[in-house]
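# Examining the three-dimensional arrangement
Here are the chains, one letter per residue:
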Amino acid sequence: MLNSIIDFLKPYLLYTKGEPILFTQLYFWGFFGIVLALYTLVYKKNTWRTFYLLLISFFFYYKTSGVFLLLMIFTIISDYNWGKLIYKSQSESHKKIYLTFSLVLNLTLLCYFKYAYFFTESINQLAGTDISFFNYFSQFSNTYLGTKDPVDKLILPVGVSFFTFQSISYTIDMYRRKVTPVNSIFDYGFFVCFFPHLVAGPIVKANEFLYQIYEPYNLKRKEFGLAIFWILNGLAKKMMADYIAINFIDRIFDNPNYYSGVETMFGIFGYSLQIYADFSGYTDIAIGIALLLGYRLKTNFKSPYKAQDVSEFWKRWHISLSTWLKDYLYIPLGGNKKGSIGSYLCIAFLSFVLVLLTGKIWLLYVLLFTALLLVILAFSFPKIKQSINTNINLLVTMLLGGFWHGSSWLFIIWGGLNGLGLIVHKLWQRYSPFKNTQSFLVKGILVMVTLTFISFTRIFFRSNSLETVSNIFDRLQNHFGANLLLDVIKGYWIVFLIMFTGYLIHWIPERIKENYRTRFAELPLPIMAFVSVVSIICIYQLMSGEMQPFIYFQF
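Summary of the structure given here. A quick note: this is a predicted structure, and the numbers were derived from the prediction, not measured.

Helix and strand content of the protein: 23 helices and 0 strands. Taken against the 2.2 N^0.38 rule, which gives 24 Å for 555 residues, the C-alpha radius of gyration of the protein at 25 Å falls within 12% of a compact globule. If one aligns the C-alpha atoms of the protein with their principal axes, the spans along those axes are about 75 × 65 × 50 Å. Counting across all 555 residues of the protein, residues that qualify as buried make up 50%. Carbon and sulfur atoms provide 67% of the accessible area of the protein, an area that totals close to 27,500 Å².

Looking at the element boundaries, asparagine 300 is found in the loop between α11 (261-292) and α12 (310-316). Sequence-distant contacts of asparagine 300, that is, excluding residues within four places in its chain, are made with Pro202, Phe279, Thr283, Arg316, Trp317, His318, Ile319 and Ser320.

Before going further, it helps to spend a moment on helix α13 (residues 319-333). Residue pairs spaced three or four apart in an α-helix point in one direction, given the helix's 3.6 residues per turn. Taking 1.5 Å as the rise per residue, α13 with 15 residues should run 21 Å; its terminal C-alpha atoms sit 20 Å apart, in good agreement. Along α13, the residues that are buried comprise Ile319, Ser320, Leu321, Ser322, Trp324, Leu325, Tyr328, Leu329, Tyr330 and Leu333. Where α13 ends, the next residue or the one after it, glycine 334, has phi of about 130°, a positive value.

Orientation of α11 relative to helix α18 (residues 440-462), taken along the N-to-C sense of each, is 85°, at an axis distance of 9 Å. Our classification of the angle between α11 and α18 gives roughly perpendicular. The residues of α18 that touch α11, namely those facing Ile268, Phe269, Tyr271, Ser272 and Ile275, are Leu451, Thr452, Ser455, Phe456, Arg458, Ile459, Phe461 and Arg462. Across the contact of α11 with α18, the residue classes break down as 8 nonpolar, 3 polar and 2 charged.

Here the focus is the pattern of salt bridges. For the structure shown, the criterion picks out 12 salt bridges. Two residues, glutamate 92 and arginine 177, come together in a salt bridge whose shortest N-O distance is 3.6 Å. Separated by 85 residues along the polypeptide, glutamate 92 in helix α5 (residues 92-127) and arginine 177 in the loop between α7 (160-175) and α8 (185-193) bring together distant segments of the chain. For arginine 177, a relative accessible area of 58% puts it in the exposed group. The residue aspartate 242 makes a salt bridge to lysine 238 at a minimum N-O spacing of 3.1 Å. Remark: lysine 238 and aspartate 242 occur in helix α10 (residues 221-254); sequence separation between them is 4 residues, near one turn of the helix. Each member of the pair, aspartate 242 as well as lysine 238, carries the same accessibility label: buried.

Moving on, we get to the environment of leucine 394. Secondary-structure assignment places leucine 394 in helix α16 (residues 382-405). Overall, the relative accessible area of 14% leaves leucine 394 in the buried class. Sequence spacing of leucine 394 and leucine 333 is 61 residues, and the spatial spacing of their C-alpha atoms is 9.6 Å. In this structure leucine 394 touches Tyr330, Leu422, Ile423 and Lys426, once residues within four positions along its chain are discounted.

For helix α22 (residues 510-521), with 12 residues, the first-to-last C-alpha span of 16 Å sits near the 16 Å given by 1.5 Å per residue. Those residues of α22 lying buried are Lys513, Arg517, Thr518, Phe520 and Ala521. The buried residues of α22 occupy an angular sector of 160° when the element is viewed end-on, so they sit on one face. For α22, the exposed residues set more than 90 degrees away from the buried face come down to Arg511 and Arg519. Against α10, α21 (493-506) and α23 (525-542) lie the buried residues of α22.

Following both chains from N to C, one finds α18 and helix α19 (residues 466-478) inclined at 140°, their axes separated by 9 Å at the closest point. The pairing of α18 with α19 is recorded here as oblique in orientation. Counted together, Phe456, Ile459 and Phe460 of α18 and Val469, Ile472, Phe473 and Leu476 of α19 form the full contact between these two elements. Partitioned by chemical class, the residues of the contact of α18 with α19 number 7 nonpolar, no polar and no charged.

Criteria and cut-off values
- Residues numbered from 1 in each chain as written.
- Predicted model: local features only at pLDDT ≥ 70, side-chain atom pairs only at ≥ 80, totals over all residues.
- Heavy atoms only, no water.
- Helix = DSSP H or I, 4+ residues; strand = E, 2+ residues; numbered from the N terminus.
- Rg over C-alpha atoms; globule rule 2.2 N^0.38 Å.
- Buried < 20%, exposed > 50% of the residue type's maximum accessible area, 1.4 Å probe, protein only.
- Areas by Shrake-Rupley, 256 points an atom, 1.4 Å probe, with all protein chains shown as cover.
- Contact = heavy atoms within 4.5 Å.
- Expected span 1.5 Å × (residues − 1).
- Axes fitted to C-alpha atoms, helices over the stretch in contact; angles between N-to-C directions.
- Parallel < 35°, antiparallel > 145°, perpendicular 65-115°, else oblique.
- Nonpolar A, V, L, I, M, F, W, Y, C, P; charged D, E, K, R; others polar.
- Salt bridge = Lys/Arg side-chain N within 4 Å of Asp/Glu carboxyl O.
- Arc of directions from axis to C-beta.

Purely geometric stuff here, so don't read any function into it on its own.
Written out as structure tokens, the structure reads:
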């Protein structure tokens, strides 16, 4: 009998490769129901509450990423102790040394798991060597933990960028005296790996979250209703994203030569809606779950496709990453005041990456010649020097943001295009006749121009290769097929109806959204429960048969 129970529970308790816990799975909601039931026993005691949620978060990450739980525990232990050393040190130079050790260790681990295979392959291509990549972490886990992972491949831990960035924020904020050390390593571990936002954000900065650990549990009636709303809203977004992806968008990007330019155009704008609905859907659910547990996470998206320019877009999109890059990269590099030594070191690193990506040594000489030319122009023409100084960090930040998404030309180009878009917008602001316009028509045109620019940069983000990008632009330029428009709409009318509805809801004025959120949150509990059950039944009826992982799991 006992063996039968153990065999039954094994799939639910042990890690299964390739099957992470998804917020859209019924398994997760069963798991969360048990978590909430036991939470009622500890939520009034801060210490027990934190320790309990830490254990739950460890289990969540183990089920999602297996032995990589050890990597996260190592990060927790390491930065907890570096933070203590930074705080206790009376010497400014010692503080800088401890912070440097923390940053180097975190970034080394992050770069190893995200880019070690890429660097090995690229150096072989560039230098004509035959260095074999060897995964030492897999060797360790195979030897001591009984795993069977290949040692010649690199496996990316789910959410490694997110929990690493969160941990980095702690030591930097400690150095800047924005936070004081947590009471225990358990508190710090909870901050790093709180399961709702663990694997795809929002990225939580130390100075915005740590104080909540020591506050008593508090959930107002309206907040409870809002938490339920955000969860339902996120599930509905994910359902919509998966439906339009499986039934239309994935087909376009996988085989662009099979489709006309007009279908491709719809696919491009559809992907912008998909990635927004997918990613913001995850963070909506994360915010709702965290709120039920008594913690407030920051808003990560503010209707980004309402933006009237590229700069405004990046203030509305993935806000936690944008502000993290601003606070911990852009401003330390010099912001919009001037380039620094760090700026030029970043440029040197990115140039090295570009040479590795191409595998062509001649590109190194081209980049060196370009750098020399810019130096000459900067010293010869003061205005050019000023323009370079005020814009260099913006471009560096966006290029590094692109590289953060993956070691590919496509991500670098995507980041570079957005960086150039921000620079062009800064220049345009000086002369724009529309800066203070109140015209609804002009605002609408600016919104569509911004959406079009962002959507077309995402061709590079979504495509699998430069060949795919080339094929997509070829379909748009040479095989548009405008005469097929009505047939295309008729053939994909359900997909287009969902896309149209998605954008329409997105563009609803915020005051109206706030109104219906509040109305839902204030519904009597029996009516709220009924609406929730009906909504969930509808969502799962429309959801695709195969659960799709959230897009940002891969980053």
